[in-house]
Amino acid sequence: KVTSISYHMNWPAPGNDPMYLYNPSDNNSRRSYYGVNAIPHWRIDGTTIVNSGNFQVNYGLRRVILSPITVIVVEEPVGTDSMRVKVKIFCEDLLPEPSVTVHIGVVEREIQYGSPPGTNGETHFLDVMRKMLPNGTGTRVNLFPGQTVELTQTFYMDPIFDPDEIEAMVFVQANDKEILNS
């Protein structure tokens, strides 16, 4: 019911967060898209800004909304050092705006450090975005009822990744930033 992705920023000073430094381009792209200027910054379905005090209420409101699309994701190894992500999106209902963006994220579900790698004191990180495919702006597609769109992307499994924690996650986003499904 919940798909999570964490983008890392180049603050607090001195900007030495290793998850940010691994991929500043995609992190900055997503920060600019959402207009993030302070962290933590949480959103539900791309549009609703939440905090620990209002998460449950907003989650309850959003989870009863049926999605107009179905998203199927299949991952398969390519050789010994890469992964292929195949995405199939089926449009089941008329969308207010058929032009949407498909985002494919490579996420490391859990990263644990013995001591804080940055200046915020944290050692445990969840759902860390490692790469957006093909990039942080995603892929534009048009979705009409009864139509299926298929996308394929391949990424390199960097040796710094824990292969048991790497997962592809896909979300389809409307022009108003609403996540239609993930």
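First, a word on what this report is: a plain description of the structure on this page. Being a predicted model, the structure only gives us computed values, none of them experimental.

Focus on the overall build of the protein chain
Next, step 1: When helices and strands are tallied, the protein chain shows three helices and 10 strands.
Next, step 2: What you see in the protein chain, going N to C, is helices and strands ordered as α-α-β-β-α-β-β-β-β-β-β-β-β.
Next, step 3: Taking 16 Å as the expected radius of gyration for a compact globule of 182 residues, we find that the protein chain reaches 17 Å, a close match to that expectation.
Next, step 4: If you line up the protein chain on its principal axes, its C-alpha atoms span 50 × 45 × 25 Å.
Next, step 5: The burial tally for the protein chain puts 37% of its 182 residues in the buried class.
Next, step 6: In the protein chain, once contacts between residues fewer than 6 apart in sequence are set aside, the share between residues at least 24 apart is 66%.
Next, step 7: For the protein chain, the exposed surface amounts to about 9900 Å²; the carbon and sulfur share of it is 52%.
Next, step 8: Positive and negative side-chain charges of the protein chain, numbering 14 and 21 respectively, have mean locations separated by a distance of 6 Å.

Side note on the sheet that holds strand β8 (residues 148-156)
Next, step 1: Spatially, the three strands line up as an open sheet ordered β3-β4-β8, and their pairing is antiparallel. Looking at which strands have only one partner, the edges of the open sheet turn out to be β3 (69-78) and β8. Neighbour to neighbour, the strand axes of the sheet diverge by 15 degrees on average, direction disregarded.
Next, step 2: Strand direction decides the pairing type here: β3 and strand β4 (residues 82-91), joined by 10 bridges, are antiparallel. Following the sheet pairing, Val 74 is matched in β4 by Lys 86.

Brief notes about the pairing of β4
Next, step 1: Where β3 folds back on β4, the antiparallel hairpin that results is connected by three residues, among which Gly 79 adopts a positive phi of roughly 65 degrees.
Next, step 2: Sheet topology note: the β4/β8 ladder contains nine bridges and is antiparallel. When the sheet's bridge partners are listed, Ile 89 is paired in β8 with Val 149.

Concerning the packing of aromatic side chains
Next, step 1: On inspection of all chains with the given rule, the structure shows four aromatic pairs.
Next, step 2: A ring pair is formed by Tyr 33 and Tyr 34, whose centres lie 5.0 Å apart and whose planes are at 80 degrees; its orientation type is edge-to-face.
Next, step 3: Assessed through its relative accessible area of 29%, Tyr 33 is described here as partly exposed.
Next, step 4: With centroids separated by 5.9 Å and ring planes inclined at 10 degrees, the aromatic side chains of Phe 55 and Tyr 59 adopt a geometry described as stacked. Residue Phe 55 and its partner Tyr 59 are located together in helix α3 (residues 55-63), separated by four residues, close to a single helical turn.
Next, step 5: In this structure, Lys 177 is placed above the aromatic ring of Tyr 33, and the distance from its NZ or CZ to the ring centre is 4.8 Å.

Basis of the calculations
Residues numbered from 1 in each chain as written. Predicted model: local features only at pLDDT ≥ 70, side-chain atom pairs only at ≥ 80, totals over all residues. Heavy atoms only, no water. Helix = DSSP H or I, 4+ residues; strand = E, 2+ residues; numbered from the N terminus. Rg over C-alpha atoms; globule rule 2.2 N^0.38 Å. Buried < 20%, exposed > 50% of the residue type's maximum accessible area, 1.4 Å probe, protein only. Contact = heavy atoms within 4.5 Å. Areas by Shrake-Rupley, 256 points an atom, 1.4 Å probe, with all protein chains shown as cover. Lys, Arg positive; Asp, Glu negative; His and termini not counted. Charge placed at Lys NZ, Arg CZ, Asp CG, Glu CD. Pairing = 2+ DSSP bridges. Axes fitted to C-alpha atoms, helices over the stretch in contact; angles between N-to-C directions. Phe/Tyr/Trp six-rings, centres within 6.5 Å; stacked < 30°, edge-to-face > 60°. Lys NZ or Arg CZ within 6 Å of the ring centre and 35° of its normal.

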